[in-house]
Amino acid sequence: MKNLWQNAEADACGNDLQLRVYSSRLLGRDKSLVLHGGGNTSVKMRQPDLFGSDEDVLHVKGSGWDLETIAEAGFAPVRLDHLKKLAQLPALADPEMVNQLVTHQTRAAAPVPSVEAILHAILPYRFVDHTHADAVVTVTNTADGEARIREIYGDKVVVVPYVMPGFDLARLCAQRFAAQSGPQTIGMVLLNHGIFSFGATAQESYERMIALVGLAEDYLRRHHAWDVALPQVPPAPAAAVARDLAQLRADISQLAGFPVVVARRTEGKFPAFARRPDVGTIAQQGPATPDHVIRTKRLPLVGRDVAAYAAAYRAYFAEHEPHAKERKTMLDAAPRVVLDAEFGLCAVGRTAQDAGIVADIYAHTIDIILGATALGGYRALPARDIFDVEYWDLEQAKLKKGGKPPAFAGEVALVTGAASGIGKACVEALMARGAAVVALDLQASIGTLSDKAAYLGIQCDVSDEAQLKAAIARGVEAFGGMDMLVLNAGIFPGGCKIEALPTADWQRVMRINLDANLVLMRECHPFLKLAPRGGRIVIIGSKNVPAPGPGAAAYSASKAALNQLARVAALEWGGDNIRINSLHPNAVFDTGIWTEEVLASRAKHYGLTVDEYKRNNVLKTEVTSRDVAELAAELCGPLFAKTTGAQIPVDGGNDRVI
Ligand code: ZN
């Protein structure tokens, strides 16, 4: 464990709440302590109320905040006296507990306080820190976890058996604390869940956490159960498994009832863990700490039998639901983690970000399982305890409240010529609708256009078939398939009459504007066929198709041929539920090639001002990249679900086209 405390940084904090923010972020920075919203922290402060009297307020992490990035606004200020009174109640249902927490805050705009707020309140220390440290859950997820914890910590910690987070856990901790604590106590271990530390100052509480978790790590190291190595296994190449991966995604999406991102991950221990002969046993015990179940489900799918997984999940629900206090609605029966000898790990999520979180959690879960196995056997909580967390009424309420997901949530689009102009605007329009996007461009800047998990930029020469195939395979590996293509990349060489047009120039235009799109369509066809909502292709054509002009023979011919290719594809692939439609934009000037100077000179050439030139169409309106992109995205959406083979102008009205 590395102590990240820096006196200079701490000295810059003006008060205890700022120190609370500072040390919470230190905890959040260490992924072996907390992951993705896990853990929580608090500070108790005396502050004046509106009438000049002092009151004690517990500032506790608000739900929806992550320790790594938490700010002062992320702490919910709850009146401490009320929390202590609540702790005296013999019982309190969780929804009413949350109601009490929310209605006894001193700031209306504060987030909903952590459900562990009462537990923080009853601990008689100014600062309280709680994590789900890998080392601690490794030790406690074993048959003799409690004895090992006592061996490691002696009287330094209070030990609390597993109880689900919420009011009952706070009550039990209060009892155990009263019975076991003494002057030596600096923390509390919750078996199969995590660890608390506490102290009079932010630094004391933080450093006690580091020291306590460090002791667990030392113990594991002594028992050769820390950082357990696995042999390096070379993963199967992306292209070799792309079709099978897309089939798996199709199966999981069908089971889930909505499209999902399936991210294949081959780094670190994933491939070797997935190939362990005992993976069917050690990976089928349960999560390392119960709140992971919301992200990962209780068990991974080992292999590819999605139907068998679903049957087992339904049986799990049928077995445990009757014991719940109130009736539950079954969640989808689809896995979130897939361990497969050939794929390695596949992380499943409604979005690419969700899938990334699943992969992060499972990377730590593997370390925990390997460590506990080295100690003699990984033993997670029984299924009924995990069920209670997965189907907690607070989680079910969130589910019912949950708004409509974006139109393309879980879907994957590929856009070419995506670094600028219409292509870049298409990437934005698709991502704004929730799609994951594979963006191709010749420009190296494509790699860094967005840092979102739903974005994969690949530098690629579309006229090179091998590069295209590799890019498609990488895209499928990243997100699990391909639902939409926006074929935008193209070149427009300057005016050249036919009698002077060199063969090489003609062929170059054809290679990029036409041939590349044949390759893309052909190579993506197997994936589009598997798209959960049907495949969609949008061709960015040109006004030149219906209304060609002199001096652009190669460009006009290439776009016309592409248009015909699209129409034939619409006929051939309708039976595969793939729709192909074309847009014909004209005079879109907010792209890289149209500099202020070029615009000014063209306008002058026609005797127009720049503004008149931009609006030189029937509607006297300016057409932007965004206008084209929004329509391209809509063409992929439900409005056009019954349209294929269409050609739509986006040109403000052109008298030659009309
Ligand atoms: Zn916890």
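Heads up: the structure comes first, above all this text.
Quick caveat, the model's predicted, so the values are computed rather than measured. (Residues numbered from 1 in each chain as written. Predicted model: local features only at pLDDT ≥ 70, side-chain atom pairs only at ≥ 80, totals over all residues. Heavy atoms only, no water.)

Draft legend 1. Inspection of the packing of helix H10 (residues 238–256) against helix H14 (residues 306–320) at higher detail. At a closest axis distance of 10 Å, the pairing of H10 and H14 adopts a crossing angle of 30 degrees. Relative to H14, H10 is oriented roughly parallel. Where H10 crosses over H14, the two elements pack in a sense that is right-handed. Between H10 and H14, the contacting residues are Leu 248, Asp 251, Ile 252 and Leu 255 on the first element and Val 306, Ala 310 and Arg 314 on the second. (Axes fitted to C-alpha atoms, helices over the stretch in contact; angles between N-to-C directions. Helix = DSSP H or I, 4+ residues; strand = E, 2+ residues; numbered from the N terminus. Parallel < 35°, antiparallel > 145°, perpendicular 65-115°, else oblique. Left-handed = near helix turned anticlockwise from the far one by under 90°. Contact = heavy atoms within 4.5 Å.)

Draft legend 2. Focus on the coordination of the zinc ion. Bound to the zinc ion on the protein side are His 130 (NE2), His 132 (NE2) and His 193 (NE2), at distances that span 2.1 to 2.2 Å. Sequence positions of the donors to the zinc ion reduce to the motif H-x1-H-x60-H. (Donors = N, O, S within 2.8 Å, 3.2 Å for Na, K, Ca; no water.)

Draft legend 3. Layout of the side chain of Lys 328. By the element assignment, Lys 328 lies in the loop between H14 and strand S10 (337–340). Here the side chain of Lys 328 touches Tyr 391 through a polar contact of 2.8 Å, landing on its backbone oxygen. When residues no more than four places from it in sequence are discounted, the contact partners of Lys 328 are Phe 317, Glu 321, Tyr 391, Trp 392, Asp 393 and Gln 396. (Polar contact = N/O pair within 3.5 Å; in protein donor to acceptor, adjacent residues only side chain to side chain.)

Draft legend 4. View of the environment of Trp 573. Among the structural elements, Trp 573 can be located in helix H21 (residues 553–573). Classification of Trp 573 as buried rests on a relative accessible area of 13%. Each C-alpha atom, one on Trp 573 and one on Leu 520, is 14 Å from the other, the two residues being 53 residues apart in sequence. (Buried < 20%, exposed > 50% of the residue type's maximum accessible area, 1.4 Å probe, protein only.)

Draft legend 5. Layout of helix H20 (residues 503–529). For H20, which comprises 27 residues, the first-to-last C-alpha distance of 37 Å matches the rise-based estimate of 39 Å (1.5 Å per residue) to within 8%. The sharpest bend along H20 comes to roughly 45 degrees, located at Arg 511. (Expected span 1.5 Å × (residues − 1). Bend = angle between axes of the 7 residues up to and from the residue.)

Draft legend 6. Inspection of the state of the cysteines at higher detail. For the structure on display, the rule yields 0 disulfides. With no disulfide of its own, Cys 346 has Cys 524 as its nearest cysteine by sulfur position, at a separation of 19 Å. Among the cysteines around Cys 636, which has no disulfide bond, Cys 426 carries the closest sulfur, lying 8.7 Å off. (Disulfide = S-S within 2.5 Å.)

Draft legend 7. Broad picture of the sheet that holds S10. Across the sheet, which stays open at both edges, the 4 strands sit in the order S8-S11-S10-S9 with mixed pairing between neighbours. Taken across any chain shown, the strands that pair with only one partner, and hence form the sheet edges, are strand S8 (261–265) and strand S9 (301–302). Sheet topology note: the S10/strand S11 (residues 344–349) ladder contains 4 bridges and is antiparallel. Pairing of Val 337 across the sheet is with Ala 347, part of S11. Here H10 sits on the sheet and contacts S8, S10 and S11; the angle it forms with S8, its principal contact strand, is near 145 degrees. (Pairing = 2+ DSSP bridges.)

Draft legend 8. Fine view of the packing of aromatic side chains. The final tally for this structure, using the stated rule, is 16 aromatic pairs. Ring geometry for Phe 177 versus Phe 198: centroids 6.0 Å apart, planes at 85 degrees, classification edge-to-face. With Phe 177 in helix H8 (residues 167–180) and Phe 198 in strand S7 (residues 194–199), this pair connects stretches of sequence that are 21 residues apart. Exposure remark for Phe 198: the relative accessible area of 0% places this residue in the buried category. Each ring, one from Trp 594 and one from Tyr 613, has its centre 6.4 Å from the other, and the planes form 50 degrees; the classification is tilted. Of this pair, Trp 594 sits in the loop between strand S17 (578–585) and helix H22 (596–605) while Tyr 613 is found in helix H23 (residues 610–614), placing the two residues 19 residues apart along the sequence. Connected via pairs of aromatic rings, a cluster forms that spans Tyr 313, Tyr 316, Phe 317, Phe 387 and Tyr 391. For Arg 304, the ring lying beneath its charged end belongs to Phe 343, and the centroid distance is 3.9 Å. (Phe/Tyr/Trp six-rings, centres within 6.5 Å; stacked < 30°, edge-to-face > 60°. Lys NZ or Arg CZ within 6 Å of the ring centre and 35° of its normal.)

Draft legend 9. Fine view of the nonpolar core. Phe 273, Leu 430 and Ile 537 are the most contacted members of the largest nonpolar core, which totals 118 residues. Counting only domains with at least three residues in this core, you end up with domain 2 (238–400) and domain 3 (412–588 + 623–650). Not counting residues up to four positions away in its chain, the partners in contact with Ile 537 are Leu 485, Leu 487, Met 521, Leu 528, Trp 573, Ile 578, Arg 579, Ile 580 and Asn 581. In this structure, Val 78, Leu 86, Val 115 and Ile 122 belong to the second largest nonpolar core, which totals 49 residues. (Core = buried A, V, L, I, M, F, W, Y, C linked by side-chain atoms within 4.5 Å. Domains from an automatic or database assignment.)

The quantities given are spatial measurements derived from coordinates; they are silent on function.
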